[in-house]
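Chain by chain, the residues run as shown.
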Amino acid sequence: MRVAVVGASGYVGSRLVPELLRRGHEVVATHHRSPATAYPWSGDVQWRRVDVHDEERVVEALTGVDAVVYLVHGLDDDDFMRLDRLAADNVAYAAGVVGARRLVYFSGIVPDLPDDELSDHLLSRLEVEEVLATAACPVLTLRASMVVGAGSTSFEVMRQMSHRLGVVQTVPAWMGGSVIQPVAVRDAVWFLAEALERPEVTGHLDVVGPDRVSYVELLRRYAGAARLLRVQVPVWLAPVEAVARVAGLLVDVPSGTVASLIPSLGHDMVAERDAADVLGEPPGGRLELDEAIRRSLVASGTDGAEGAQGGEGADGAATDGDPQAPSVGDPEWSRHRSVLEWAISSALRR
């Protein structure tokens, strides 16, 4: 099957491509500016340039494909909700024009709440899901909460804040009681690849790991795996906007992305329709949270891959690599830096 991965150079896409190649699929990898030549699999795919906001360019990029995986999410732009709807509409239309037989969208878990109680981030994910569902082919949305793995945006926010907040970690009371079901990126890409090959499954499913934990417990589990001495203290007067601003200053993840993600932390992110009940379990079962974190805490050099499991130079986006590990193609902000390096960099920026 020829599969178009729209967003192939992103975090999940870069781990999905080698899984698709391993399964024997041809891959058309889309890019917006220039091909991501850093990835180990770059020479094994056909790169096509596309602007997802240009309907004609989307049709050209998807011509000749049998299936589409849609992995594009815009959080940095102030107008990301409108832009995401436009992009989704173009992809849904193009899938019908080119005769694609399958469309899979990787989204976030959306709590069963009225629209006006959802954050813009979650509401946008839901809107994109509804737009893509209009495509003239079987469509399945896979929803996930935190994807655990070195380089994952939400994981990096947690990791960087855990290291930089010091021994006492203040946790806003409004997120202290929320429950989350994180999923290892290794398992997320398996479910995506499996979903492509199961066109009879439509609607939406939740991609989660086996552990349900509160955000406070998640921070404790991370601290334990990273061998950090940390104590979580609830803070009652912590407005969402203030928390987002502080988090944006503490981490290397783009501040616009952080500001979009933080409001969602007040919701439970657990499965209502577990994908494993429909698609089955990955080989060997889903990784438990502690193991997923442990495998993500590899020592990485400037190339983002040194010291990964599998030996020096192993790459998390390689066909035979561990997806939990870093990859040379991951963004610069995901490179692990010591607290001292971060403090010096922050001081120089002022």
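Residues numbered from 1 in each chain as written. Predicted model: local features only at pLDDT ≥ 70, side-chain atom pairs only at ≥ 80, totals over all residues. Heavy atoms only, no water.

Participant: Can you help me understand the environment of R85 in this one?
Facilitator: Along the chain, R85 falls in helix α3 (residues 80-98). Note on R85: relative accessible area 33%, which makes it partly exposed. Separated by 43 residues in sequence, R85 and V128 place their C-alpha atoms 5.6 Å apart. (Helix = DSSP H or I, 4+ residues; strand = E, 2+ residues; numbered from the N terminus. Buried < 20%, exposed > 50% of the residue type's maximum accessible area, 1.4 Å probe, protein only.)

Participant: For this particular structure, what's the right way to read a nonpolar patch on the surface?
Facilitator: Residues V167, V168, L229, V231 and V233 make up a contiguous nonpolar surface patch of about 420 Å² in total accessible area. Mapping V168 onto the fold places it in strand β8 (residues 168-172). (Patch = residues over 30% accessible without salt bridge, like charges linked within 9 Å, V, L, I, M, F, W, Y side chains within 5 Å. Areas by Shrake-Rupley, 256 points an atom, 1.4 Å probe, with all protein chains shown as cover. Salt bridge = Lys/Arg side-chain N within 4 Å of Asp/Glu carboxyl O.)

Participant: Sorry, what's going on with unusual backbone geometry here?
Facilitator: The general pattern is negative phi for most residues beyond glycine and trans for most peptide bonds. The backbone of R227 shows a phi angle near 60 degrees, a positive value even though the residue is not glycine. Tracing the backbone through its elements, the reader meets R227 in the loop between α8 (215-225) and β13 (231-235). Overall, R227 belongs to the exposed group, its relative accessible area being 80%.

Participant: Is there a simple way to explain the sheet that holds strand β5 (residues 102-108) in this structure?
Facilitator: In any sheet, the strands associate via hydrogen bonds between backbone groups, in a parallel or an antiparallel arrangement. Ordered by their spatial adjacency, seven strands build an open sheet running β3-β2-β1-β4-β5-β6-β11, and the pairing between neighbours is parallel. Lying at the two open borders of the sheet, with one neighbouring strand each, are β3 (46-49) and β11 (203-207). Shown here is a sheet whose adjacent strand axes are inclined to one another by a mean of 20 degrees, direction ignored. In this sheet, strand β2 (residues 26-31) lies alongside strand β1 (residues 2-6) in parallel orientation, the contact comprising four bridges. What sits directly across from V3, in β2, is V27. Contacts from helix α1 (residues 11-22) reach β1, β2, β4 (67-70) and β5 within the one sheet, and its direction differs from that of β1 by about 170 degrees. Packing against the sheet, α3 makes contact with β4 and β5, and its axis sits at approximately 170 degrees to β4. (Pairing = 2+ DSSP bridges. Axes fitted to C-alpha atoms, helices over the stretch in contact; angles between N-to-C directions. Contact = heavy atoms within 4.5 Å.)

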